[in-house]
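# Observations on the model geometry
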Amino acid sequence: MDNNKFSLYRRIRYDRTYRTLGKMSWWRVTLGTLLLLSILFFTGIVSRPFEARGEFRTAKALLITPAWLAHYHPEDLAYIEAGILYQDGDYEAALEAFRGLDTDAAGAMRSRAALKLAGLRLAEGDEAGAAALLDEVDASVLTEAEAQSYAALQTALGAPAA
């Protein structure tokens, strides 16, 4: 046996460098998976696909801590809140909320809210208000059904259909 102090130090350094990190067990794997999933829920990453599909209530329900999103990504939370207003049928408040946001997704939803509100205004008999709202609509972001509704509203207002 070598009692040289340098060989002892080399042995300690070797053991510290090349030792295993620990025995993996089922509870460590489960805990690590739960921590990773909690991070995904806390940061709002899980709710983003629902937000992109227009399912704003589900996106809001999947937020465990909306305060975290309000602090670090306030525009995302404002977009979800405006989308909930749109889903509730409060198109005027949703339109105002979407006007305050400057993203492509908010622009598309702004056009949809303006289209719905224009239809409501025309049904109430306010043709000038409906025409003003139709001017805000970007027809390139509308779905096919919404584009047909847009064309029908333009025809009803006497404007040439695009």
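Here, every reference points to the structure presented above.
These notes cover the structure that comes with them. (Residues numbered from 1 in each chain as written. Predicted model: local features only at pLDDT ≥ 70, side-chain atom pairs only at ≥ 80, totals over all residues. Heavy atoms only, no water.)

A count of helical and extended segments in the protein gives ten helices and zero strands. Along the protein, helices (α) and strands (β) appear in the sequence α-α-α-α-α-α-α-α-α-α when read from the amino end. Taking 162 residues into account, the globule formula puts the C-alpha radius of gyration at 15 Å, and the protein, at 28 Å, lies well above it. Once the C-alpha set of the protein is aligned to its principal axes, its extents read approximately 100 × 25 × 25 Å. Taking all 162 residues of the protein together, 28% fall into the buried category. (Helix = DSSP H or I, 4+ residues; strand = E, 2+ residues; numbered from the N terminus. Rg over C-alpha atoms; globule rule 2.2 N^0.38 Å. Buried < 20%, exposed > 50% of the residue type's maximum accessible area, 1.4 Å probe, protein only.)

For any pair of aromatic rings, the description rests on two quantities: the centre-to-centre distance and the angle between the ring planes. As enumerated under the stated definition, the model contains four aromatic pairs in all. Taking 5.4 Å as the distance between ring centres and 75° as the angle between the ring planes, the aromatic pair formed by F56 and Y79 counts as edge-to-face. Of this pair, F56 sits in helix α4 (residues 56-61) while Y79 sits in helix α6 (residues 74-88); the two residues are 23 residues apart in sequence, bridging distant segments of the chain. Considered together, F56 and Y79 belong to a single accessibility category, that of buried residues. (Phe/Tyr/Trp six-rings, centres within 6.5 Å; stacked < 30°, edge-to-face > 60°.)

Its location among the elements puts D76 in helix α6. On the basis of relative accessibility, which here comes to 17%, the residue D76 falls in the buried class. Sequence-distant contacts of D76, that is, excluding residues within four places in its chain, are made with R48, E51 and L69. (Contact = heavy atoms within 4.5 Å.)

Let us look at the pattern of salt bridges. The full count for this structure, using the stated rule, is seven salt bridges. Notably, a salt bridge pairs E81 with K60, separated by 2.1 Å at the nearest N-O pair. In this pair, E81 is assigned in helix α6 and K60 in helix α4, connecting sequence segments 21 residues apart. A salt bridge links E96 to R99; its shortest N-O distance comes to 2.4 Å. In this pair, E96 and R99 both sit in helix α7 (residues 91-99), three residues apart, roughly one turn of the helix. Linked by salt bridges that have partners in common, E96, R99 and E136 make up one network. (Salt bridge = Lys/Arg side-chain N within 4 Å of Asp/Glu carboxyl O.)

With respect to the helices, strands and loops of the structure, L133 is situated in helix α9 (residues 127-136). C-alpha of L133 to C-alpha of L122: the two residues are eleven residues apart in sequence and 10 Å apart in space. Those residues in contact with L133 that lie beyond four places of it in its chain are L95, R99, A114, L117, A118 and R121.

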